[in-house]
Amino acid sequence: MTNAGSGDRDANADERTSADERAGGGDPSDAAADPSDGGVAPPSWFREEAALTDPGIYDEFDTEWPDAWGRAADLLDWDRPYRTVLDDSEPPFYRWFPDGRLNAAANCVDRHLDGRRNQLAIRWFGKRGERRSYTYFDLHREVNAAAAALRELGVEEGDVVTLYLPMIPELPITMLACARIGAPHNVVFAGLSAEALATRLDAADSAYLVTCDGYYRREDAFNQKSKADNARLRIDGDLAATVVVDRLGDALSVPLGEDEHDYGTLIDRHDGETVAPVARDATDLLFVMYTSGTTGRPKGVEHATGGYLAHVAWTARNVLDVRPDDTYWCAADIGWITGHSYGVYGPLALGTTTVLYEGSPDYPDRDRVWDLIERNAVSVFYTSPTAIRSFMKWGAEYPDAHDLSSIRLLGTVGEAITPKAWRWYREHVGGGDAPVVDTWWQTETGAIALATLPGVTPMKPGRVGPPLPGIDARVVDETGDPVAPGEAGYLTIGKPWPGMLRGLREGEKRYRREYWLETDDGWRYRTGDGATVDDDGYVTILGRVDDVINVRTRRFNTAELESAIVAVDGVTEAAVVGDGDGGVVAYATTRSGVDPDDRTRAAIRDRLAATVGEIARPDRVVFTTELPKTRSGKIMRRLLEDITQDDEFGDISALRNPEVVGEIESAVRDDG
Ligand code: WT7
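Here, residues in each chain are numbered from 1, in the same order as that chain's written sequence. Local features in this predicted model are restricted to residues whose pLDDT is 70 or higher, and side-chain atom pairs enter the listing and the counts only when it is 80 or higher, whereas totals over whole chains, interfaces and linings include all residues. Neither water nor hydrogens contribute to the side-chain values; these are computed over all heavy atoms in the structure.

J.: Any chance you could explain the environment of Glu397 here in plain terms?
T.: Counting from the N terminus, the helices are DSSP H or I runs at least four residues long and the strands are E runs at least two residues long. Note that Glu397 resides in helix α16 (residues 397–400). A residue is classified by how much of its surface remains accessible, and Glu397, at 53% relative accessible area, is exposed. As for Glu397 and Arg71, which are separated by 326 residues in sequence, their C-alpha atoms are 43 Å apart. Here the term buried applies to any residue with accessible area under 20% of the maximum for its type, exposed to any over 50%, and partly exposed to those in between, with areas from a 1.4 Å probe on protein chains only.

In structure tokens:
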């Protein structure tokens, strides 16, 4: 197998962009793939070894639905085999593999001991250059000790344990310890505030907390425990026990109060003990995850044990092509669903080596990610378009200076990837011809729902692709009727799927109201995303339905305008918001070395007018070094809108980079 440049891809795309720019013409390299073209075929070296290569898989899931999903369940070990694949007698509540019993931790750890106990399960890289590796044997030992410790503290099957930890091995270890004893976990992203933690502790009715003394960001140590203390003061109930991991130094640096325990001491005390994995009903709660909305109270999405794990394992294998002997890296934080499904459960269920990286991608230098890929011979890398845009902004010289030939497949998730970013990623990280799989899913879907199958389905840069086999996704209008190819509509999913949320913590009413639409044709799950579909059934995601702006009384989708702006040479990221007067303001960042000058400003204006229409010509273009982002990497347009329209800001505690707010405010003012 080789993934050296195949030579046939359009290596001149960038030159072409600038040539067309000068000519004032459109840029063919950045339009989404032409619907009539068949897309980019998976390279033959990839197909020869891919997990799934039979195009008959789509038909099989069509004709044998839902039984075909048994293929996914068969990737797992069951304590009691299921006989029923799906109980859909009470829609929109669906129970997958309802009479089966299994344990998720046993599936992610114990079953790999047989003959493979020295295989690496986790390779961890800390913020200060530390490394730790866990074989499956090591992982088994510590998960058991942690499970015994939780039991000692009083945790019983069904009790929700809240985990408030950064990207350290103790996070997946305690997740698996919870799963082992049948205690659902509730992971709260470590960067969230005390208030956010308190809300989630209360909402999940959780009396157990695992946190740490602090953690590092670049050179600085943050006090995590004091945030946890603060949260404890705010909650309605009380905590029965808190476990504190020593992350900062040789000894636990914070004083422990009553009902507070040092993780290290607990593990030492229980080292070598084994705790039998509790057989759980497939429909039992594995975890709850609060969605990272930017408004309103968070929703507690509940995932069941069997369907979730089956769907996650099936997609890790067939979409991301993860194999047991891979070193695989999902760059997402475990504090979000991507890290749960594809940083922990998917790869460990398949018995592979998963990389956990605590640090920043640009520290100590902007080649940190490429350095880690090279040093660990990472073969599958999964990240977000936001990260890819940062990489592009920093420059191709960073990846180009490393040997990335170990890469076999690249994945993206979280937002639409522009054709330009897709090509850059493939060219500079994927050796020119590795499959780049754009995957669409949500916290609620639990696992990937739309994507190409890399060994089967051609890719179209800028389009997610068709629904996976067995996923009944359709783009519909307000009345629920499918829209014509090319027309914008709402992305919905008809039939249930195994990874789907079991319900919401807030109850049945809220679950129905948030997600379900009853049509003549049965129940449909509403994703909240707008989309179009082409003649080949490839879906293009336009963004959340609420990411729509009115420009001079015409509706535009933000992604549509932003994709046109980033097609301008030198521009890396863009966000558009309404100015409150029917006009549009474009915010943009440029690649290092490119001056955000009047030429670029004019190019952006002209580009929007040319590709979207004169009506979309922005009234103002504001350059800034960064755009405000949530911790999951979403651009916070609402905040930009507030700044633009000189309104009071809403809550900005969800911001990852609050320091840019001041800069943006003065940029807006200077630009007048
Ligand atoms: C929303 C879900 C599980 C993914 C991490 C975020 C957007 C996700 C794509 C994609 C365009 C995407 C959608 C979706 N999204 N993947 N490939 N192309 N948009 O999970 O926080 O639950 O957000 O992310 O808008 O609804 P989340």
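Having put the structure on the table, let's press on.
J.: Teacher, can you tell me more about the site of the ligand here?
T.: Note on terminology: near, applied to a residue and a molecule or strand, indicates that one of the residue's heavy atoms is within 4 Å of it. Surrounding the ligand, one finds 18 residues, the nearest of these being Asp438, Thr439, Gln442, Thr443 and Asp529. What qualifies as a polar contact is a pair of N or O atoms within 3.5 Å, subject to a donor-acceptor requirement within protein and to the restriction that residues adjacent in sequence count only when both atoms come from side chains. Between the ligand and Ala416, the relevant distance is 3.4 Å, taken from a nitrogen atom to a main-chain nitrogen or oxygen of the residue. A distance of 2.8 Å separates an oxygen atom of the ligand from a polar atom in the side chain of Asp529. Within the complex, the protein chains bury 91% of what would otherwise be the 560 Å² of accessible surface of the ligand. Each accessible area is a Shrake-Rupley estimate made with a 1.4 Å probe; only the visible protein chains count as cover when residues are assessed.

J.: Explanation requested: the sheet that holds strand β30 (residues 584–590) in the structure shown.
T.: Note: strands within a sheet are paired through backbone hydrogen bonds, in either parallel or antiparallel orientation. The pairing criterion for strands is at least two bridges between them, as found by DSSP. Read from one edge of the open sheet, three strands run β29-β30-β31, paired in mixed fashion. In this open sheet, the two edge strands, each paired with only one partner strand, are β29 (571–578) and β31 (620–623). Taken pair by pair, the neighbouring strands of this sheet meet at an average axis angle of 25°, ignoring direction. Two elements, β29 and β30, share seven bridges in a ladder whose sense is antiparallel. Opposite Ala574, over in β30, you have Ala588 as the bridge partner. Contacts: residue pairs with any heavy atoms within 4.5 Å of one another. Interaxial angles span 0 to 180 degrees and are taken between N-to-C directions of axes, which are lines fitted to C-alpha atoms, for helices over the stretch in contact. Helix α19 (residues 558–566) rests against β29 and β30 of the sheet, and its axis sits at about 145° to β29. Taken strand by strand, helix α20 (residues 598–611) contacts β29, β30 and β31, and its axis lies near 135° from that of β31.

J.: Explanation requested: unusual backbone geometry in the structure shown.
T.: Note: most peptide bonds trans; most residues except glycine with negative phi. In the segment running from Pro91 into Pro92, the intervening peptide bond is cis, with an omega of 0°. Within the secondary structure layout, Pro92 lies in the loop between β1 (86–90) and β2 (93–96). Going from Tyr363 to Pro364, the amide bond is cis rather than trans, its omega being 0°. Take Pro364: it is sitting in the loop between β17 (353–357) and α14 (368–376). For Asp205, which is not glycine, the phi dihedral falls at a positive 60°. Within the fold, Asp205 resides in the loop between α9 (194–204) and β8 (208–212). Residue class for Asp205 comes out exposed when judged on its relative accessible area of 65%. The phi dihedral of Asp321 is positive, around 55°, even though this residue is not glycine. In this fold, Asp321 is placed in the loop between α12 (305–318) and β16 (327–330).

J.: Got a minute to help me understand the packing of α9 against helix α10 (residues 224–234) in this structure?
T.: Each packed pair of helices is defined by two parameters, the angle between the axes and the distance between the axes. Contact pair α9 / α10: the axes reach a minimum separation of 8 Å and the direction vectors enclose 50°. The pairing of α9 with α10 is recorded here as oblique in orientation. For the pair α9 and α10, the crossing hand works out as right-handed. On the side of α9, the interface is formed by Ala194, Glu195, Leu197, Ala198 and Asp202, while α10 contributes Lys227, Ala228, Asn230, Ala231 and Arg234. Residues are grouped as follows: Ala, Val, Leu, Ile, Met, Phe, Trp, Tyr, Cys and Pro are nonpolar; Asp, Glu, Lys and Arg are charged; every other residue, Gly included, is polar. Classifying every residue of the contact of α9 with α10 by side-chain character gives five nonpolar, one polar and four charged. Convention used here: angles under 35 degrees read as roughly parallel, angles over 145 as roughly antiparallel, angles from 65 to 115 as roughly perpendicular, and any remaining angle as oblique. By convention, the crossing between two helices is left-handed when the near helix turns anticlockwise from the far helix through less than a right angle, and right-handed when the turn is clockwise.

J.: Please explain the sheet that holds strand β14 (residues 285–290) as it appears in this structure.
T.: The sheet built from eight strands is open, its strands ordered β12-β11-β8-β6-β7-β14-β15-β23 with mixed pairing. Of all the strands in the sheet, just β12 (260–262) and β23 (503–504) have a single pairing partner and so form its edges. Here helix α11 (residues 263–270) sits on the sheet in contact with β11 (241–245) and β12, set at roughly 65° to β12. Packing of helix α13 (residues 337–349) onto the sheet brings it into contact with β7 (185–187), β14 and β15 (300–304), and relative to β14 it is tilted by some 140°.

J.: Where do I start with the domain arrangement of the protein chain in this structure?
T.: How big an interface is tends to be stated in terms of the accessible area lost upon association of its parts. Just so you know, the domain bounds were taken from an automatic or database domain assignment. By the assigned domains, the protein chain splits into domain 1 (6–101 + 288–472 + 492–502), domain 2 (136–278) and domain 3 (548–671). Taken over C-alpha atoms, the centre of domain 1 sits 29 Å from the centre of domain 2. With 24 residues of domain 1 in contact, the opposing surface of domain 2 contributes 25 residues. Summed over both partners, the accessible surface that disappears when two parts come together, traced with a 1.4 Å probe, is what is meant by buried area. Summed over both partners, the interface of domain 1 with domain 2 comes to about 2300 Å²; 61% of that surface belongs to carbon and sulfur atoms. Here, a salt bridge means any Lys or Arg side-chain nitrogen found within 4 Å of an Asp or Glu carboxyl oxygen. The interface formed by domain 1 and domain 2 holds one salt bridge in total. Among the ionic pairs, Glu358 bridges to Arg247, the shortest N-O distance being 2.7 Å. The tally of links from domain 1 across to domain 2 stands at six residue pairs in polar contact (both at pLDDT 80 or more). Contributing elements (two or more residues each) for the side of domain 1 that touches domain 2: β14, α13 and β17. With five residues, the single largest contributor to the side of domain 1 that touches domain 2 is α13. Taken together, the residues of the side of domain 1 that touches domain 2 break down into 14 nonpolar, six polar and four charged.

J.: In this structure, what is going on with the packing of aromatic side chains? I would like to understand it.
T.: Each aromatic ring pair is summarised here by two numbers: the centre-to-centre distance and the angle between the ring planes. Put simply, two rings from Phe, Tyr or Trp (the six-membered ring, in Trp's case) pair if the centres are within 6.5 Å, and we call them stacked under 30 degrees between planes, edge-to-face over 60, tilted for the rest. For the structure on display, the rule yields 28 aromatic pairs. Arranged with centres 4.8 Å apart and planes meeting at 20°, the rings of Phe189 and Trp336 form a pair that is stacked. Residue Phe189 is located in the loop between β7 and α9, and its partner Trp336 is located in the loop between β16 and α13; the two are separated by 147 residues in the primary sequence. The residues Phe189 and Trp336 share a single accessibility class, namely buried. Ring-pair connections join several aromatic residues into one group, and the members of that group are Phe93, Tyr94, Trp497, Tyr511, Tyr515, Trp516 and Tyr525. In this scheme, the term charge over a ring applies when either NZ of a lysine or CZ of an arginine sits within 6 Å of the ring centre and within 35 degrees of the ring normal. Taking NZ or CZ as reference, Arg128 lies 4.0 Å from the ring centre of Tyr216, over its face.

J.: Sorry, what's going on with the nonpolar core here?
T.: Counting 127 residues, the largest nonpolar core has Leu139, Tyr342 and Tyr345 as its most contacted members. In terms of residue count, the dominant contributor to this core is helix α7 (residues 136–152) (nine residues). Residue-level mapping places this core at the junction of two domains, with at least three residues from each of domain 1 (6–101 + 288–472 + 492–502) and domain 2 (136–278). Leu139 has contacts with Val109, Ala121, Ile122, Tyr134, Ile173, Leu176 and Leu348, leaving out every residue within four places of it along the chain. To form a nonpolar core, buried Ala, Val, Leu, Ile, Met, Phe, Trp, Tyr and Cys residues must be joined to one another through side-chain atoms within 4.5 Å. In terms of nonpolar packing, the next biggest core, distinct from the first, is built from 28 residues, Trp370, Ile373, Val378 and Leu410 among them.

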